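The residues making up each chain are set out below.
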Amino acid sequence: MSRLTIARTLTGAGLGASGVAAFVSLFGILGVIATTGALCPESIGPARCSAAASKAANLAALSFVACGVASGVAVAGRVLDPDA
């Protein structure tokens, strides 16, 4: 495999994964908004809403980290061959 092929693969995979991670983090942010005290239904209870908000915030945070790592992969592809 040539350097150009490897660089294009890294760049494409990094950009694709970065987009997916950003999209997933949006769902995490929406989950945090949906489980706030004002929007939480009383039938569920505040403790379960708090736990759901914590999990949604964790999803958003980890997705942002994954987005950063994926962007690093894309940058590695560009460093390997700037024409990729």
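These numbers were taken from a predicted model, which means no experiment stands behind them.

Observations regarding the side chain of Thr35
Part 1 of the reasoning: Note on placement: Thr35 falls in the loop between α1 (3-34) and α2 (46-80).
Part 2 of the reasoning: Polar contacts involving the side chain of Thr35 include one to the main-chain carbonyl oxygen of Gly31, which spans 2.8 Å.

What to know about α2
Part 1 of the reasoning: The first and last C-alpha atoms of α2 sit 51 Å apart over 35 residues, in line with the 51 Å expected at 1.5 Å per residue.
Part 2 of the reasoning: Looking at α2, one finds that the buried residues are Cys49, Ala53, Ala56, Ala60, Ser63, Cys67, Ala70, Ala74 and Gly77.
Part 3 of the reasoning: Lining the buried residues of α2 we find α1.

Structural notes on the packing of aromatic side chains
Part 1 of the reasoning: Within this structure, the stated rule accounts for one aromatic pair.
Part 2 of the reasoning: Consider the rings of Phe23 and Phe27, whose centres lie 5.0 Å apart with planes at 85 degrees: the pair is edge-to-face. Here Phe27 and Phe23 lie together in helix α1, a separation of four residues that amounts to about one turn.
Part 3 of the reasoning: By relative accessible area, Phe27 is classed as partly exposed at 47%.

Things to note about the environment of Ala34
Part 1 of the reasoning: Here Ala34 shows up in helix α1.
Part 2 of the reasoning: Looking at Ala34, the relative accessible area reads 44%, which means it is partly exposed.
Part 3 of the reasoning: As a C-alpha pair, Ala34 and Ala52 span 18 residues in sequence and 9.4 Å in three-dimensional space.

Scoring rules and cut-offs
- Residues numbered from 1 in each chain as written.
- Predicted model: local features only at pLDDT ≥ 70, side-chain atom pairs only at ≥ 80, totals over all residues.
- Heavy atoms only, no water.
- Helix = DSSP H or I, 4+ residues; strand = E, 2+ residues; numbered from the N terminus.
- Polar contact = N/O pair within 3.5 Å; in protein donor to acceptor, adjacent residues only side chain to side chain.
- Expected span 1.5 Å × (residues − 1).
- Buried < 20%, exposed > 50% of the residue type's maximum accessible area, 1.4 Å probe, protein only.
- Contact = heavy atoms within 4.5 Å.
- Phe/Tyr/Trp six-rings, centres within 6.5 Å; stacked < 30°, edge-to-face > 60°.

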